[in-house]
Amino acid sequence: MAKLSQADLTELNRNFEERTPEELLRWATEMFGTRVAAISAMQMAGSVLCHIISRQKLSLPVLFVDTGVNFQETLDTRDRIAAEYGVEVRTLVPSMSMEEQTRELGVLYLTPDGQERCCHLRKTLPLARTKGQFDCLVSSLRRAEGGKRDNVPILSVDPPMNSLRLNPLANLKDDEMDAYIATHHVIINPLHYQGYSTIGCNRCTTPVLPNEPKRAGRWRHLGPWAMYCGINATDVDGGISPSIDLSQEVVDRILGRSTDFTI
């Protein structure tokens, strides 16, 4: 195994700033073959990502975490995207139902610490069970979302998953995304048109007022202490860890180099 650090990705990230989402996705599929997958929560940017995957005819599975307390509109969006776009959506689920979790642990999402644990159990762990299957995970994070995503890199290391993270939409501005959606009639979660700027579980997501930050509707009952679920490494303080461990051959291909082991 060889280490791949965030610092190693500096030049590649610089070069990728001028690449289109389509070019970045083709790079990922050519680089990693069957060991790359996309992640979508069936929010607006995730739907755009799924549409690009379909439009480019890429053989790229889409991982969706069904927390057991998603809005029905989110599940319907997942099913429409799978059926109409022809993408392979793989649904991941927690080990316990919400009823089982509540009986054993109580209503976790009523406190900041409990919310963190609930998100870990219902969102992060289902994805974590795929660790080792993929060398690259494609997310739909955008800098235009603001907050901790202001400077999200196109490529980052994801230590908990021991994989590379690619954000091909990182540079996509709001008006550019709106134009893409309108031009291609992208399937959109209808909750976005009902005041939900961001959509999570039905227990902890509310609509937002026009003058509120985009993420004001997430865990509103907890105030400013809860803003992110933790499934994205770059959303977590200190989340961009020094390195991950991949095979030497994969690291060399990513960085476009050959390694000479001769002493």
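Structure shown above.
Procedures and definitions
Residues numbered from 1 in each chain as written. Predicted model: local features only at pLDDT ≥ 70, side-chain atom pairs only at ≥ 80, totals over all residues. Heavy atoms only, no water. Helix = DSSP H or I, 4+ residues; strand = E, 2+ residues; numbered from the N terminus. Rg over C-alpha atoms; globule rule 2.2 N^0.38 Å. Buried < 20%, exposed > 50% of the residue type's maximum accessible area, 1.4 Å probe, protein only. Contact = heavy atoms within 4.5 Å. Areas by Shrake-Rupley, 256 points an atom, 1.4 Å probe, with all protein chains shown as cover. Axes fitted to C-alpha atoms, helices over the stretch in contact; angles between N-to-C directions. Parallel < 35°, antiparallel > 145°, perpendicular 65-115°, else oblique. Left-handed = near helix turned anticlockwise from the far one by under 90°. Nonpolar A, V, L, I, M, F, W, Y, C, P; charged D, E, K, R; others polar. Pairing = 2+ DSSP bridges.

1. Section: the overall build of the protein chain
A tally of helices and strands in the protein chain yields eight helices and eight strands. Relative to the globule expectation of 18 Å for 263 residues, the C-alpha radius of gyration of the protein chain, 18 Å, shows essentially globular dimensions. Considered along the principal axes of its C-alpha atoms, the protein chain spans approximately 60 × 45 × 35 Å. In the protein chain, buried positions account for 52% of the 263 residues. Here the analysis covers contacts within the protein chain between residues at least 6 apart in sequence; of these, 72% occur between residues at least 24 apart. Accessible surface, the protein chain as shown: approximately 12,700 Å² in total, 52% of it carbon and sulfur.

2. Things to note about the packing of helix H3 (residues 44-55) against helix H7 (residues 174-184)
At a closest axis distance of 11 Å, the pairing of H3 and H7 adopts a crossing angle of 55 degrees. In terms of their interaxial angle, H3 and H7 are classed as oblique. Crossing geometry of H3 relative to H7 is assigned as left-handed. Of H7, the residues touching H3 (which contributes Met44, Ala45, Val48, His51, Ile52 and Arg55) are Met177, Tyr180, Ile181 and His184. Residues belonging to the contact of H3 with H7 are distributed by class as follows: seven nonpolar, two polar and one charged.

3. Here's the deal with the sheet that holds strand E5 (residues 136-138)
Spatially, E4-E3-E2-E5-E7-E6 is the arrangement adopted by the six strands of the open sheet, whose pairing is mixed. Of all the strands in the sheet, the pair left with one neighbour each is strand E4 (89-92) and strand E6 (155-158). Adjacent strand axes in the sheet meet at a mean angle of 30 degrees, parallel and antiparallel pairs treated alike. Of the pairings in the sheet, the one linking strand E2 (residues 36-39) to E5 comprises three bridges and is parallel in character. Pairing of alanine 37 across the sheet is with leucine 137, part of E5. H3 contacts E2, strand E3 (62-65) and E5 of the sheet and is inclined by roughly 140 degrees relative to E2.

Spatial relationships are all this shows, so hold off on functional conclusions.
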